[in-house]
Every structure is written in structure tokens, then in C-alpha cells.
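# Close look at the chain arrangement
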Amino acid sequence: MKCVTGKNAYESEEFAREALIQNRIHFNHREGNGPINIYLCSDCNAWHFTSTGTEADFLKEDEVINRIQKEIRLRNWTDEY
Ligand SMILES: [Zn+2]
């Protein structure tokens, strides 16, 4: 199902959260860049990323922050070889 916004759509909040975490890991955005939150779309009734507004609370949880940093380190290490 395609949304009028043209954005990737996630069928549940949980999927959208996980996808946003993966996005942070793989693109390693600089501060103030990239998507920072998810929202429920009124057009397609699915979840999308947004880069405006306030950063999602779940991205500030220690567990999530640690996981992102750890995976970025692993990724950087792999890229060097
Ligand atoms: Zn939509």
C-alpha cells in the first residue's frame, strides 16, 4: 500500500520504532539530521518517519542509545577491513 506522502509506511508503531533505530545505526546521522520520530499518518493509517518536531522519547532511553552506539562501533570496525 502506497501512501500519498511517498514515505515508507510501517504497519505498527513497533515496526516503525525498530526501523527508526536501524536507520540511526546505518546512516549515523549528524546531530540535527535525519528522522527523529515516528507518527501515525492520517492518510494511510500507517506509521512514518519524521525529521521535524521533537526527538522520540524511545531514542533517549539508555538501552536504545547503548544499542545504537554499539552497533555503529561494530559497523565502523567492519568497514575498516
Ligand atoms: Zn501515510
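Please read these numbers as outputs of a predicted model, since none were measured by experiment.

Below, the discussion takes up the environment of Arg 73. Position of Arg 73 among the secondary structure elements: in helix H2 (residues 62-79). Through-space distance from the C-alpha of Arg 73 to that of Ile 25 is 9.4 Å; in sequence the pair is 48 residues apart.

Bringing the coordination of the zinc ion into the picture now. Coordination of the zinc ion by the protein involves Cys 3 (SG), Cys 41 (SG), Cys 44 (SG) and His 48 (NE2), with metal-donor separations of 2.1 to 2.3 Å. Sequence positions of the residues that donate to the zinc ion give the spacing C-x37-C-x2-C-x3-H. In this pair, Cys 3 is assigned in the segment before helix H1 (13-27) and His 48 in strand S2 (residues 47-50), connecting sequence segments 45 residues apart. Taking the relative accessible area as the measure of exposure, Cys 3 reaches 7% and is therefore buried.

Positive phi values are uncommon outside glycine, yet Asn 45 reaches one of about 60 degrees. One can find Asn 45 in the loop between strand S1 (37-40) and S2. The exposure class assigned to Asn 45 is exposed, which follows from its relative accessible area of 60%.

On the secondary structure map, Thr 50 appears in strand S2. The buried category is assigned to Thr 50, whose relative accessible area is 16%. At 3.1 Å, the side chain of Thr 50 and the side chain of Thr 52 are in polar contact. The residues touching Thr 50, leaving out its near neighbours within four places in the chain, are Pro 35, Ile 36, Asn 37, Ile 38 and Tyr 39.

Definitions and cut-offs
Residues numbered from 1 in each chain as written. Predicted model: local features only at pLDDT ≥ 70, side-chain atom pairs only at ≥ 80, totals over all residues. Heavy atoms only, no water. Helix = DSSP H or I, 4+ residues; strand = E, 2+ residues; numbered from the N terminus. Donors = N, O, S within 2.8 Å, 3.2 Å for Na, K, Ca; no water. Buried < 20%, exposed > 50% of the residue type's maximum accessible area, 1.4 Å probe, protein only. Polar contact = N/O pair within 3.5 Å; in protein donor to acceptor, adjacent residues only side chain to side chain. Contact = heavy atoms within 4.5 Å.

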